[in-house]
Amino acid sequence: MKILIISHSFYPMNSPRANRTTELAKEFARRGHKVTVITPRSNTHLEFGKEFGIQITDLGQPKWQSIALKGSGLKLLLRRGIKRFSNLLFEYPNIELVGMVKCALQRKNNYDVLISIAAPYPVHWGVATIWSKNSKKNPAKKWIADCGDPYMGQENDSFKKPFYFKYVEKWFMRKVDYITVPTEGSIQGYYPEFHSKIKVIPQGFRFEDIQRYQGKKVKNYPVFGYAGMFIPGRRDPSEFLNYLCTLEQEYEFHVYTKTTHLVEPFLERSKGRIQIKSYLPREQLLYELSKMDFMVNFENVGSKQTPSKLIDYLIIEKPILSIETGNLNIDIIKEFISGRYESAKIIENPDQYRIENVCSEFLNLN
């Protein structure tokens, strides 16, 4: 098959959507399909494309830049407000991707399937601008819109999307053949009239690519970790960190995050036991996490959005301590700290996250 994938995120980026695009492209090519990926070009793409037999076409680099958060006091507060509401009200700067995607696809044709990957959702909107009822005018026979978190139906942002974006969402969903989402719970984040188009296909990885630490326990006290973003009041670590600071025993909690402002207030109180770590490439990160005794998951609000990091925790075979914001269960935390994992979060059917099975699910849509 000739498969066209368009995404704003791709290797060497380190994000759930970049992983989605990269793993799909590699596995499709591994099976002998002719794969083209349209994405902003990186200087690593030539070598990567040759290694995996993937043609990578440049989407171009966006010219509209996100508003920089600099300065202090009122100036910083003003900039933060402008950045937040320009994104909320106008989808700035990602709205530029609509025109970029449209332009890139006008030069493509005769593909069996086109897979557009969001977030950001303007990637889907760009495809919709050129998708026609006359199938001969389209770049592919089928269009699959792959979605991570819902757009209008999201539950974990501080603000809801403005009402007028529902017309944009419905417009593109009327045109698409299939909408793929990672979990059953995600379906409720989309308008009911499109549920018949929705197929559940989870995030997928090649388990064998991950090297796990096989040595002895690194420290003679509990070492645990978390990797990912935080959301104030939703996926919020404050209660958990505050409790950790009250403990007298030795431990280490390694936090790999860019939302460091929610962790920094607890560093001094923890006396070095809570540590902020720099982001690492995914394979290196998972190797470091595999040295630890257990992993921490901060649950999202509701059931429509599921953290993809849970799959990584599954791959490295570590017990998962799941924390619910606003409902801290101290007894379970004590169990984990003492090395008892009877209350660990269970992830059902791990084979569904193998990229071989995920790609088969996509191919079965055609």
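Heads up: the structure comes first, above all this text.
A short tour of the structure in this document, coming up. (Residues numbered from 1 in each chain as written. Predicted model: local features only at pLDDT ≥ 70, side-chain atom pairs only at ≥ 80, totals over all residues. Heavy atoms only, no water.)

### Things to note about a nonpolar patch on the surface
Stage number 1. On the surface, F85, L89, F90, F159, F163, Y164 and Y167 cluster together into a nonpolar patch covering about 740 Å² of accessible area.
Stage number 2. The element best represented in the nonpolar patch is helix 3 (residues 73-90), accounting for 3 residues.
Stage number 3. Locating F85 in the fold gives a position in helix 3. (Patch = residues over 30% accessible without salt bridge, like charges linked within 9 Å, V, L, I, M, F, W, Y side chains within 5 Å. Areas by Shrake-Rupley, 256 points an atom, 1.4 Å probe, with all protein chains shown as cover. Salt bridge = Lys/Arg side-chain N within 4 Å of Asp/Glu carboxyl O. Helix = DSSP H or I, 4+ residues; strand = E, 2+ residues; numbered from the N terminus.)

### Topic: the layout of surface pockets
Stage number 1. What the second largest pocket holds in volume is close to 410 Å³.
Stage number 2. Lining the second largest pocket are 18 residues, and of these Y11, P12, T22, F48 and E283 lie nearest its centre.
Stage number 3. The set of elements that each furnish at least two residues to the lining of the second largest pocket consists of helix 1 (16-30), helix 2 (45-52) and helix 9 (282-289).
Stage number 4. For the lining of the second largest pocket, the leading source of residues is helix 1, giving 5 residues.
Stage number 5. For the lining of the second largest pocket, a count of residues per class yields 7 nonpolar, 4 polar and 7 charged. (1 Å grid on protein atoms, 1.4 Å probe; cavity = no way out; pocket = protein on both sides within 12 Å on 5 of 7 lines; lining within 4 Å. Points joined across faces, edges and corners; volume = space filled by probe spheres on them. Nonpolar A, V, L, I, M, F, W, Y, C, P; charged D, E, K, R; others polar.)

### Observations concerning the pattern of salt bridges
Stage number 1. Summed over the entire model, instances satisfying the criterion amount to 18 salt bridges.
Stage number 2. D112 is paired through a salt bridge with K141; the nearest N and O atoms lie 3.3 Å apart. Taken together, the residues D112 in strand 4 (residues 111-118) and K141 in strand 5 (residues 140-147) connect sequence positions 29 residues apart.
Stage number 3. Because the salt bridges share partners, they merge into one network encompassing R17, R20 and D146.

### Focus: the environment of R17
Stage number 1. Turning to its location among the elements, R17 is positioned in helix 1.
Stage number 2. Between the alpha carbons of R17 and Y287 there is a distance of 21 Å; along the sequence they are 270 residues apart.
Stage number 3. In this structure, R17 is in contact with S9, I117, A118, A119, D146, C147, G148 and Q203, ignoring residues within four places of it in sequence. (Contact = heavy atoms within 4.5 Å.)

Structural measurements only, silent on function.
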